[in-house]
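Understanding the architecture of this molecule
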Amino acid sequence: MAYETGMRLSKCIKRRALVLLVSCSVCGAQSLRQAADHAGVLIGTAVRPSQLSEANYASTVAREYNMIEAEDVMKWWVLRPDEASFDFRQGDELVRFAQSHGMKVRGHCLVWGRYNPDWLTQGHFTTEQLSRLLHEHITNVMKHYSGQVFAWDVVNEALDENGNVRDSIWYNQPGIGMSSKETAYIEQVFRWAHEADAHALLFYNEAEGEGMNRKSDAVYAMVKDFRQRHVPIDGVGLQMHVPVEMDIERMAAQLQANLTRLASLGIQVHITELDVSAPLNAKGNSRSEDLMRQAEVYRSVVRACLDSLGCTAIQTWGFTDKYSWIGSHSHGARGNALPFDRAYMPKASYRAILQELSADRPSRQLHASP
Ligand code: 9MR
(Lines give C-alpha, C1' and ligand atoms only; values in the text may rest on other atoms or scores of the structure.)
Protein backbone atom coordinates (compact mmCIF):
# COMPACT_ATOMS: atom_id res chain seq x y z
CA MET A 1 0.00 0.00 0.00
CA ALA A 2 2.61 2.42 1.17
CA TYR A 3 4.70 1.52 -1.85
CA GLU A 4 1.74 2.19 -4.20
CA THR A 5 0.94 5.45 -2.47
CA GLY A 6 4.58 6.42 -2.75
CA MET A 7 4.60 5.61 -6.45
CA ARG A 8 1.39 7.59 -6.99
CA LEU A 9 2.89 10.52 -5.12
CA SER A 10 6.07 10.35 -7.11
CA LYS A 11 4.12 10.20 -10.41
CA CYS A 12 2.08 13.13 -9.23
CA ILE A 13 5.19 15.15 -8.38
CA LYS A 14 6.68 14.29 -11.79
CA ARG A 15 3.47 15.42 -13.51
CA ARG A 16 3.43 18.67 -11.56
CA ALA A 17 7.08 19.23 -12.39
CA LEU A 18 6.23 18.74 -16.05
CA VAL A 19 3.40 21.23 -15.81
CA LEU A 20 5.72 23.71 -14.14
CA LEU A 21 8.33 23.10 -16.81
CA VAL A 22 5.79 23.70 -19.53
CA SER A 23 4.46 26.90 -17.98
CA CYS A 24 8.02 28.15 -17.43
CA SER A 25 8.80 27.55 -21.07
CA VAL A 26 5.91 29.93 -21.80
CA CYS A 27 6.82 32.69 -19.40
CA GLY A 28 10.39 32.56 -20.61
CA ALA A 29 9.68 32.22 -24.37
CA GLN A 30 12.75 33.28 -26.29
CA SER A 31 10.94 34.26 -29.46
CA LEU A 32 7.52 35.07 -30.87
CA ARG A 33 7.64 31.71 -32.53
CA GLN A 34 8.17 29.76 -29.32
CA ALA A 35 5.39 31.63 -27.58
CA ALA A 36 3.03 31.26 -30.55
CA ASP A 37 3.72 27.54 -30.90
CA HIS A 38 2.77 27.13 -27.29
CA ALA A 39 -0.32 29.35 -27.60
CA GLY A 40 -1.50 27.35 -30.61
CA VAL A 41 -1.49 30.22 -33.08
CA LEU A 42 0.49 30.97 -36.20
CA ILE A 43 2.74 34.03 -36.12
CA GLY A 44 3.80 35.21 -39.52
CA THR A 45 5.42 37.90 -41.59
CA ALA A 46 5.35 38.94 -45.22
CA VAL A 47 8.72 38.24 -46.81
CA ARG A 48 10.59 39.42 -49.89
CA PRO A 49 12.91 36.58 -50.98
CA SER A 50 15.44 39.05 -52.43
CA GLN A 51 16.11 40.18 -48.83
CA LEU A 52 16.74 36.67 -47.50
CA SER A 53 20.36 37.01 -48.61
CA GLU A 54 20.80 39.57 -45.80
CA ALA A 55 21.95 37.54 -42.78
CA ASN A 56 20.04 39.58 -40.15
CA TYR A 57 16.88 39.48 -42.20
CA ALA A 58 16.99 35.71 -42.70
CA SER A 59 18.00 34.84 -39.15
CA THR A 60 15.28 37.06 -37.65
CA VAL A 61 12.58 35.48 -39.82
CA ALA A 62 13.81 31.97 -39.00
CA ARG A 63 13.98 32.65 -35.27
CA GLU A 64 10.76 34.58 -34.76
CA TYR A 65 8.11 33.22 -37.13
CA ASN A 66 6.39 29.92 -37.82
CA MET A 67 4.68 31.16 -41.00
CA ILE A 68 5.68 33.36 -43.94
CA GLU A 69 3.84 34.86 -46.86
CA ALA A 70 5.05 36.27 -50.14
CA GLU A 71 4.70 40.05 -49.97
CA ASP A 72 4.76 40.18 -53.77
CA VAL A 73 6.30 37.16 -55.44
CA MET A 74 3.13 35.09 -55.78
CA LYS A 75 1.19 37.91 -57.44
CA TRP A 76 0.36 38.01 -61.13
CA TRP A 77 2.93 40.74 -61.87
CA VAL A 78 5.76 38.51 -60.67
CA LEU A 79 4.47 35.06 -61.63
CA ARG A 80 3.28 35.98 -65.13
CA PRO A 81 5.92 37.74 -67.25
CA ASP A 82 3.76 37.03 -70.31
CA GLU A 83 0.65 35.17 -71.34
CA ALA A 84 2.43 31.91 -72.08
CA SER A 85 4.72 31.52 -69.06
CA PHE A 86 4.87 31.17 -65.31
CA ASP A 87 7.94 32.27 -63.36
CA PHE A 88 7.94 30.44 -60.04
CA ARG A 89 11.60 31.08 -59.15
CA GLN A 90 11.15 33.61 -56.34
CA GLY A 91 8.08 31.89 -54.94
CA ASP A 92 9.98 28.61 -54.88
CA GLU A 93 12.86 30.27 -53.04
CA LEU A 94 10.47 31.46 -50.35
CA VAL A 95 8.93 27.99 -50.04
CA ARG A 96 12.39 26.39 -49.74
CA PHE A 97 13.32 28.81 -46.96
CA ALA A 98 10.09 28.02 -45.11
CA GLN A 99 10.58 24.29 -45.47
CA SER A 100 14.14 24.40 -44.24
CA HIS A 101 12.96 26.23 -41.11
CA GLY A 102 9.79 24.24 -40.47
CA MET A 103 7.40 27.08 -41.31
CA LYS A 104 4.02 27.20 -43.00
CA VAL A 105 3.53 29.24 -46.17
CA ARG A 106 0.49 31.44 -46.87
CA GLY A 107 -0.11 32.18 -50.53
CA HIS A 108 -1.06 35.70 -51.64
CA CYS A 109 -2.93 36.33 -53.93
CA LEU A 110 -4.62 34.66 -56.89
CA VAL A 111 -7.21 37.26 -57.86
CA TRP A 112 -6.87 41.02 -57.39
CA GLY A 113 -8.09 43.86 -59.55
CA ARG A 114 -4.83 45.79 -59.04
CA TYR A 115 -1.15 45.24 -59.84
CA ASN A 116 -1.74 42.98 -62.78
CA PRO A 117 0.80 42.88 -65.63
CA ASP A 118 0.33 45.23 -68.59
CA TRP A 119 0.03 42.40 -71.11
CA LEU A 120 -3.09 41.37 -69.18
CA THR A 121 -4.69 44.74 -68.45
CA GLN A 122 -3.95 46.17 -71.88
CA GLY A 123 -4.46 43.00 -73.86
CA HIS A 124 -8.13 43.72 -74.81
CA PHE A 125 -9.13 40.18 -73.89
CA THR A 126 -12.76 39.08 -74.20
CA THR A 127 -14.66 37.76 -71.19
CA GLU A 128 -14.21 34.19 -72.48
CA GLN A 129 -10.45 34.70 -72.83
CA LEU A 130 -10.20 36.29 -69.37
CA SER A 131 -12.19 33.49 -67.83
CA ARG A 132 -9.89 30.92 -69.43
CA LEU A 133 -6.76 32.86 -68.36
CA LEU A 134 -7.89 33.20 -64.75
CA HIS A 135 -9.00 29.57 -64.48
CA GLU A 136 -5.65 28.46 -65.92
CA HIS A 137 -3.72 30.78 -63.58
CA ILE A 138 -5.47 29.55 -60.45
CA THR A 139 -5.11 25.93 -61.50
CA ASN A 140 -1.43 26.08 -62.43
CA VAL A 141 -0.30 28.15 -59.47
CA MET A 142 -2.21 26.13 -56.89
CA LYS A 143 -1.13 22.82 -58.37
CA HIS A 144 2.49 24.01 -58.46
CA TYR A 145 2.35 24.83 -54.74
CA SER A 146 0.05 22.01 -53.72
CA GLY A 147 1.17 20.54 -50.38
CA GLN A 148 3.54 23.51 -49.89
CA VAL A 149 1.15 26.43 -49.46
CA PHE A 150 -1.39 25.56 -46.78
CA ALA A 151 -3.67 28.59 -47.23
CA TRP A 152 -4.33 30.98 -50.09
CA ASP A 153 -5.75 34.46 -50.31
CA VAL A 154 -7.87 33.46 -53.28
CA VAL A 155 -9.42 36.89 -53.72
CA ASN A 156 -7.98 40.15 -52.43
CA GLU A 157 -9.78 43.47 -51.85
CA ALA A 158 -12.80 42.92 -54.11
CA LEU A 159 -15.17 45.20 -52.17
CA ASP A 160 -15.28 48.99 -51.82
CA GLU A 161 -15.89 51.00 -48.64
CA ASN A 162 -19.68 50.78 -49.15
CA GLY A 163 -19.55 47.02 -49.46
CA ASN A 164 -20.17 47.03 -53.22
CA VAL A 165 -18.15 44.83 -55.57
CA ARG A 166 -15.34 46.94 -57.02
CA ASP A 167 -15.01 47.55 -60.75
CA SER A 168 -12.15 45.41 -62.03
CA ILE A 169 -10.82 43.44 -64.93
CA TRP A 170 -12.20 40.28 -63.32
CA TYR A 171 -15.63 41.62 -62.38
CA ASN A 172 -16.89 43.95 -65.09
CA GLN A 173 -14.02 45.45 -67.11
CA PRO A 174 -14.94 43.32 -69.01
CA GLY A 175 -14.92 40.54 -66.36
CA ILE A 176 -15.00 36.78 -66.60
CA GLY A 177 -18.65 36.67 -67.68
CA MET A 178 -20.46 37.57 -64.47
CA SER A 179 -20.48 41.35 -64.51
CA SER A 180 -23.41 42.88 -62.59
CA LYS A 181 -23.90 39.56 -60.78
CA GLU A 182 -22.07 40.95 -57.75
CA THR A 183 -20.25 38.23 -55.82
CA ALA A 184 -20.85 35.52 -58.48
CA TYR A 185 -17.36 35.92 -59.93
CA ILE A 186 -15.85 35.57 -56.46
CA GLU A 187 -17.85 32.39 -55.95
CA GLN A 188 -16.61 31.07 -59.29
CA VAL A 189 -12.95 31.57 -58.45
CA PHE A 190 -13.33 29.90 -55.05
CA ARG A 191 -14.82 26.90 -56.84
CA TRP A 192 -11.88 26.83 -59.27
CA ALA A 193 -9.45 27.11 -56.36
CA HIS A 194 -11.05 24.18 -54.56
CA GLU A 195 -10.83 22.08 -57.73
CA ALA A 196 -7.15 22.94 -58.09
CA ASP A 197 -6.17 22.03 -54.51
CA ALA A 198 -8.83 20.51 -52.31
CA HIS A 199 -6.51 20.55 -49.28
CA ALA A 200 -5.55 24.23 -49.25
CA LEU A 201 -7.48 26.58 -46.98
CA LEU A 202 -9.22 29.22 -49.09
CA PHE A 203 -9.39 32.80 -47.77
CA TYR A 204 -11.05 36.04 -48.79
CA ASN A 205 -8.63 38.85 -47.82
CA GLU A 206 -9.82 42.42 -47.26
CA ALA A 207 -8.52 45.85 -46.18
CA GLU A 208 -10.27 48.27 -43.83
CA GLY A 209 -12.93 45.75 -42.88
CA GLU A 210 -11.51 44.81 -39.50
CA GLY A 211 -14.05 46.62 -37.38
CA MET A 212 -17.78 46.97 -37.86
CA ASN A 213 -18.54 48.95 -41.00
CA ARG A 214 -20.30 48.65 -44.34
CA LYS A 215 -17.41 46.77 -45.89
CA SER A 216 -17.08 44.22 -43.10
CA ASP A 217 -20.89 43.82 -43.09
CA ALA A 218 -20.67 42.92 -46.79
CA VAL A 219 -17.79 40.47 -46.21
CA TYR A 220 -19.82 38.82 -43.47
CA ALA A 221 -22.94 38.62 -45.66
CA MET A 222 -20.96 37.18 -48.58
CA VAL A 223 -19.25 34.52 -46.49
CA LYS A 224 -22.54 33.62 -44.78
CA ASP A 225 -24.18 33.17 -48.17
CA PHE A 226 -21.22 31.10 -49.46
CA ARG A 227 -21.25 28.87 -46.40
CA GLN A 228 -25.01 28.32 -46.64
CA ARG A 229 -24.67 27.26 -50.28
CA HIS A 230 -21.51 25.19 -49.69
CA VAL A 231 -19.26 27.42 -51.78
CA PRO A 232 -15.77 26.34 -50.65
CA ILE A 233 -14.42 29.10 -48.40
CA ASP A 234 -12.46 28.45 -45.21
CA GLY A 235 -11.53 31.83 -43.91
CA VAL A 236 -11.34 35.60 -43.97
CA GLY A 237 -8.12 37.59 -43.86
CA LEU A 238 -8.27 40.90 -42.01
CA GLN A 239 -5.37 43.03 -43.23
CA MET A 240 -5.09 45.65 -40.44
CA HIS A 241 -2.90 48.37 -41.85
CA VAL A 242 -3.64 50.86 -39.09
CA PRO A 243 -2.31 54.23 -37.87
CA VAL A 244 -0.90 54.70 -34.39
CA GLU A 245 -3.32 57.60 -33.80
CA MET A 246 -6.33 55.29 -33.70
CA ASP A 247 -8.73 54.92 -30.79
CA ILE A 248 -7.32 51.68 -29.38
CA GLU A 249 -10.27 50.73 -27.18
CA ARG A 250 -12.78 51.28 -29.94
CA MET A 251 -10.64 49.34 -32.42
CA ALA A 252 -10.26 46.40 -30.04
CA ALA A 253 -13.98 46.25 -29.25
CA GLN A 254 -14.94 46.40 -32.91
CA LEU A 255 -12.33 43.86 -33.94
CA GLN A 256 -13.58 41.50 -31.26
CA ALA A 257 -17.18 41.91 -32.41
CA ASN A 258 -16.20 41.23 -36.02
CA LEU A 259 -14.09 38.21 -35.06
CA THR A 260 -17.00 36.81 -33.08
CA ARG A 261 -19.50 37.10 -35.92
CA LEU A 262 -17.05 35.70 -38.49
CA ALA A 263 -16.18 32.77 -36.23
CA SER A 264 -19.90 32.04 -35.84
CA LEU A 265 -19.90 31.12 -39.55
CA GLY A 266 -17.53 28.24 -38.77
CA ILE A 267 -14.57 29.78 -40.59
CA GLN A 268 -11.08 30.77 -39.52
CA VAL A 269 -9.82 34.32 -39.39
CA HIS A 270 -6.23 35.31 -40.07
CA ILE A 271 -4.89 38.76 -39.27
CA THR A 272 -2.91 39.00 -42.50
CA GLU A 273 -1.11 42.33 -42.95
CA LEU A 274 -0.84 43.99 -39.56
CA ASP A 275 1.29 47.12 -39.30
CA VAL A 276 0.89 50.25 -37.21
CA SER A 277 2.34 53.31 -38.91
CA ALA A 278 3.66 56.34 -37.01
CA PRO A 279 4.49 59.86 -38.22
CA LEU A 280 8.18 60.42 -39.02
CA ASN A 281 10.27 63.54 -38.44
CA ALA A 282 12.83 64.79 -40.98
CA LYS A 283 15.39 62.28 -39.69
CA GLY A 284 12.94 59.40 -40.12
CA ASN A 285 12.37 58.97 -36.38
CA SER A 286 9.11 58.73 -34.47
CA ARG A 287 8.15 60.20 -31.11
CA SER A 288 8.71 57.77 -28.26
CA GLU A 289 5.09 58.20 -27.09
CA ASP A 290 3.94 57.08 -30.54
CA LEU A 291 6.07 53.95 -30.29
CA MET A 292 4.61 53.21 -26.87
CA ARG A 293 1.10 53.65 -28.26
CA GLN A 294 2.06 51.41 -31.14
CA ALA A 295 2.95 48.67 -28.69
CA GLU A 296 -0.51 48.98 -27.16
CA VAL A 297 -2.14 48.67 -30.58
CA TYR A 298 -0.17 45.49 -31.27
CA ARG A 299 -1.03 44.17 -27.84
CA SER A 300 -4.76 44.79 -28.35
CA VAL A 301 -4.83 43.10 -31.76
CA VAL A 302 -2.95 40.02 -30.53
CA ARG A 303 -5.20 39.85 -27.48
CA ALA A 304 -8.38 40.12 -29.56
CA CYS A 305 -7.17 37.36 -31.86
CA LEU A 306 -6.15 35.03 -29.06
CA ASP A 307 -9.45 35.62 -27.28
CA SER A 308 -11.31 34.32 -30.33
CA LEU A 309 -10.82 30.61 -31.05
CA GLY A 310 -11.63 31.25 -34.72
CA CYS A 311 -8.57 33.50 -35.08
CA THR A 312 -5.72 31.15 -35.94
CA ALA A 313 -2.95 33.37 -37.33
CA ILE A 314 -1.42 36.78 -36.73
CA GLN A 315 0.86 38.11 -39.43
CA THR A 316 2.62 41.43 -39.85
CA TRP A 317 3.34 43.02 -43.23
CA GLY A 318 7.09 42.73 -42.94
CA PHE A 319 8.85 42.79 -39.57
CA THR A 320 11.66 45.35 -39.73
CA ASP A 321 11.31 49.12 -40.14
CA LYS A 322 14.15 48.84 -42.62
CA TYR A 323 11.74 47.46 -45.19
CA SER A 324 8.08 48.41 -45.34
CA TRP A 325 5.69 49.47 -48.08
CA ILE A 326 4.55 52.39 -45.91
CA GLY A 327 7.59 54.62 -46.48
CA SER A 328 7.15 54.92 -50.22
CA HIS A 329 3.38 54.81 -50.01
CA SER A 330 3.32 57.84 -47.66
CA HIS A 331 6.21 59.60 -49.45
CA GLY A 332 8.34 59.34 -46.34
CA ALA A 333 5.78 60.95 -44.00
CA ARG A 334 5.02 57.79 -42.03
CA GLY A 335 6.72 54.53 -41.11
CA ASN A 336 8.38 52.69 -38.21
CA ALA A 337 5.31 50.48 -38.28
CA LEU A 338 6.78 47.08 -37.46
CA PRO A 339 8.01 45.19 -34.35
CA PHE A 340 11.75 45.40 -35.17
CA ASP A 341 13.65 48.62 -35.82
CA ARG A 342 15.91 49.22 -38.82
CA ALA A 343 18.83 47.51 -37.06
CA TYR A 344 16.69 44.41 -36.34
CA MET A 345 16.43 45.29 -32.66
CA PRO A 346 13.11 44.40 -30.98
CA LYS A 347 10.93 47.43 -30.19
CA ALA A 348 8.34 47.92 -27.44
CA SER A 349 5.85 46.54 -29.96
CA TYR A 350 7.79 43.28 -30.14
CA ARG A 351 7.76 42.94 -26.36
CA ALA A 352 4.00 43.62 -26.24
CA ILE A 353 3.32 40.90 -28.82
CA LEU A 354 5.57 38.45 -26.98
CA GLN A 355 3.89 39.18 -23.66
CA GLU A 356 0.41 38.69 -25.08
CA LEU A 357 1.38 35.47 -26.83
CA SER A 358 2.87 34.20 -23.59
CA ALA A 359 -0.10 35.06 -21.39
CA ASP A 360 -1.87 32.05 -20.00
CA ARG A 361 -4.99 31.11 -22.01
CA PRO A 362 -6.00 27.59 -21.02
CA SER A 363 -9.07 27.49 -23.31
CA ARG A 364 -6.89 28.17 -26.31
CA GLN A 365 -4.25 25.57 -25.49
CA LEU A 366 -6.97 22.90 -25.48
CA HIS A 367 -7.58 23.74 -29.13
CA ALA A 368 -3.92 24.33 -29.98
CA SER A 369 -3.49 23.11 -33.54
CA PRO A 370 -3.70 25.97 -35.98
O1 9MR B 1 3.60 45.66 -49.74
C2 9MR B 1 3.31 45.39 -51.10
C3 9MR B 1 4.17 46.25 -52.00
O4 9MR B 1 5.53 45.84 -51.86
C5 9MR B 1 3.74 46.10 -53.45
O6 9MR B 1 4.39 47.09 -54.22
C7 9MR B 1 2.24 46.23 -53.63
C8 9MR B 1 1.83 45.81 -55.03
O9 9MR B 1 2.13 44.49 -55.30
O10 9MR B 1 1.54 45.40 -52.72
C11 9MR B 1 1.85 45.64 -51.36
O12 9MR B 1 1.09 44.76 -50.56
C13 9MR B 1 -0.31 44.96 -50.52
C14 9MR B 1 -0.97 43.61 -50.41
O15 9MR B 1 -0.57 42.80 -51.49
C16 9MR B 1 -2.48 43.72 -50.37
N17 9MR B 1 -2.91 44.62 -49.32
C18 9MR B 1 -2.27 45.93 -49.30
C19 9MR B 1 -0.74 45.76 -49.28
C20 9MR B 1 -0.05 47.11 -49.15
O21 9MR B 1 -0.32 47.88 -50.26
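Residues numbered from 1 in each chain as written. Predicted model: local features only at pLDDT ≥ 70, side-chain atom pairs only at ≥ 80, totals over all residues. Heavy atoms only, no water.

Quick look at the overall build of the protein chain
Where we set the bar: Every helix listed is a DSSP run of H or I at least four residues long, and every strand listed is a run of E at least two residues long, numbered separately from the N terminus. The globule rule used here is 2.2 Å times the number of residues to the 0.38 power, and the radius of gyration it is set against is calculated over C-alpha atoms. Only protein chains enter the accessibility calculation, which uses a 1.4 Å probe; a residue is then buried when its area is under 20% of its type maximum, exposed when over 50%, and partly exposed in between. Contact definition: two residues touch when any of their heavy atoms are within 4.5 Å.
Within the protein chain, the secondary structure is distributed over 14 helices and 10 strands. For 370 residues, the compact-globule estimate of 2.2 N^0.38 gives 21 Å, and the protein chain sits close to it at 22 Å. Considered along the principal axes of its C-alpha atoms, the protein chain spans approximately 85 × 60 × 40 Å. Residues counted as buried form 54% of the 370 residues belonging to the protein chain. Considering only contacts within the protein chain whose residues lie at least 6 apart along the sequence, 77% involve residues at least 24 apart.

Remarks on the confidence of the model for the protein chain
How we decide: Per residue, pLDDT measures the predictor's confidence, with a range of 0 to 100.
Averaged over every residue, the pLDDT of the protein chain is 93; residues scoring 70 or more account for 91%. With pLDDT under 50 throughout, residues 1–26 is counted as low confidence; its partners more than four residues away or in other chains account for 3 contacts.

A short note on the packing of aromatic side chains
Rules: Aromatic pairing here means that ring centres of Phe, Tyr or Trp (its six-membered ring) are within 6.5 Å. Orientation follows from the plane angle: under 30 degrees is stacked, over 60 is edge-to-face, and everything else is tilted. Any Lys NZ or Arg CZ found within 6 Å of a ring centre and within 35 degrees of that ring's normal is scored as a charge over the ring.
Counting across every chain of the model gives 15 aromatic pairs. Relative to Tyr 115, the ring of Trp 112 has its centre 5.2 Å away and its plane inclined at 50°; by these criteria the two rings are tilted. The class of Tyr 115 is partly exposed, set by a relative accessible area of 48%. Just above the ring of Phe 86 sits the side chain of Arg 80; from NZ or CZ to the centre is 3.9 Å. Seen from the ring of Phe 203, Arg 106 lies directly overhead, with NZ or CZ sitting 4.9 Å from the centre.

Concerning the site of the ligand
Here is the rule: The criterion for a residue being near a molecule or strand is simple. One of its heavy atoms has to lie within 4 Å of it. What qualifies as a polar contact is a pair of N or O atoms within 3.5 Å, subject to a donor-acceptor requirement within protein and to the restriction that residues adjacent in sequence count only when both atoms come from side chains. Accessible areas in this description were obtained via Shrake-Rupley with a 1.4 Å probe; residue shielding takes into account the shown protein chains only.
Close contacts around the ligand come from 15 residues, with Glu 71, Lys 75, His 108, Glu 157 and Glu 273 the closest. Note that a nitrogen atom of the ligand is positioned 2.8 Å from one of the side-chain N or O atoms of Glu 157. Gln 239 places a polar side-chain atom, nitrogen or oxygen, 3.2 Å from a nitrogen atom of the ligand. When the ligand is considered free in solution it has 450 Å² of accessible area, and contact with the protein chains removes 85% of it.

Concerning the state of the cysteines
What counts, and what does not: When two cysteine sulfur atoms are found within 2.5 Å, that pair is recorded as a disulfide.
Inspection of every chain in the model, using the stated rule, returns 1 disulfide. Between the sulfur of Cys 305 and that of Cys 311 lies a disulfide, 2.0 Å long from S to S. The sign of the S-S torsion, about -100°, decides the handedness of the disulfide formed by Cys 305 and Cys 311: left-handed. Accessibility expressed as a relative area gives 0% for Cys 311, which makes it buried. Here Cys 109 is not disulfide-linked; the sulfur of Cys 311 is the nearest cysteine sulfur, at 20 Å.

Some thoughts on the environment of Arg 334
With respect to the secondary-structure elements, Arg 334 resides in strand E10 (residues 334–335). In sequence terms Arg 334 and Pro 279 are 55 residues apart; their C-alpha atoms lie 4.4 Å from each other. Not counting residues within four places of it along the chain, the set of residues in contact with Arg 334 comprises Pro 243, Val 244, Glu 245, Ser 277, Ala 278, Pro 279, Leu 280, Ile 326 and Gly 327. Separated by 2.8 Å, the side chains of Arg 334 and Glu 245 make a polar contact. Reaching out from Arg 334, the side chain makes a polar contact with the backbone oxygen of Ser 277 at a distance of 2.8 Å.

Some points on unusual backbone geometry
The amide bond that connects His 108 to the next residue, Cys 109, takes the cis arrangement and shows omega of -10°. Along the chain, Gln 173 connects to Pro 174 via a cis peptide bond; the corresponding omega equals 0°. Counting through the fold element by element, Pro 174 comes out in the loop between strand E4 (151–156) and helix H8 (184–196). Positive phi, normally seen in glycine, also occurs at Tyr 344, with a value near 65°. Assignment of secondary structure puts Tyr 344 in the loop between E10 and helix H13 (348–358). Accessibility expressed as a relative area gives 8% for Tyr 344, which makes it buried.

Here we look at the packing of helix H2 (residues 32–39) against H13
Threshold: Here an axis means a line fitted to C-alpha atoms, over the contact stretch when the element is a helix, while the angle between two N-to-C directions is reported on a 0 to 180 degree scale. Angle categories: roughly parallel below 35 degrees, roughly antiparallel above 145, roughly perpendicular from 65 to 115, and oblique for all the rest. Handedness of a crossing is defined here by the sense of rotation of the near helix relative to the far one, left-handed for an anticlockwise turn of less than a right angle and right-handed for a clockwise turn.
At a closest axis distance of 8 Å, the pairing of H2 and H13 adopts a crossing angle of 25°. With respect to their mutual orientation, H2 and H13 come out roughly parallel. At the point where H2 passes H13, the crossing takes the left-handed sense. Every residue of H13 that contacts H2 at Leu 32, Ala 35, Ala 36 and Ala 39 is listed here: Tyr 350, Ile 353, Leu 354, Leu 357 and Ser 358.

Describing the pattern of salt bridges
This is how the line gets drawn: The salt bridge definition used is simple: a Lys or Arg side-chain nitrogen within 4 Å of an Asp or Glu carboxyl oxygen.
Enumeration according to the criterion identifies 24 salt bridges in this entry. The partner of Asp 87 in a salt bridge is Arg 89, with the nearest N and O atoms 2.8 Å apart. Accessibility expressed as a relative area gives 63% for Arg 89, which makes it exposed. Put simply, Asp 321 and Lys 347 hold a salt bridge, and the shortest N to O gap is 2.7 Å. Taken together, the residues span a long stretch of sequence, with Asp 321 in the loop between strand E9 (311–316) and helix H12 (325–329) and Lys 347 in the loop between E10 and H13 at a distance of 26 residues. Classification of Asp 321 as buried rests on a relative accessible area of 11%. Exposure remark for Lys 347: the relative accessible area of 10% places this residue in the buried category.

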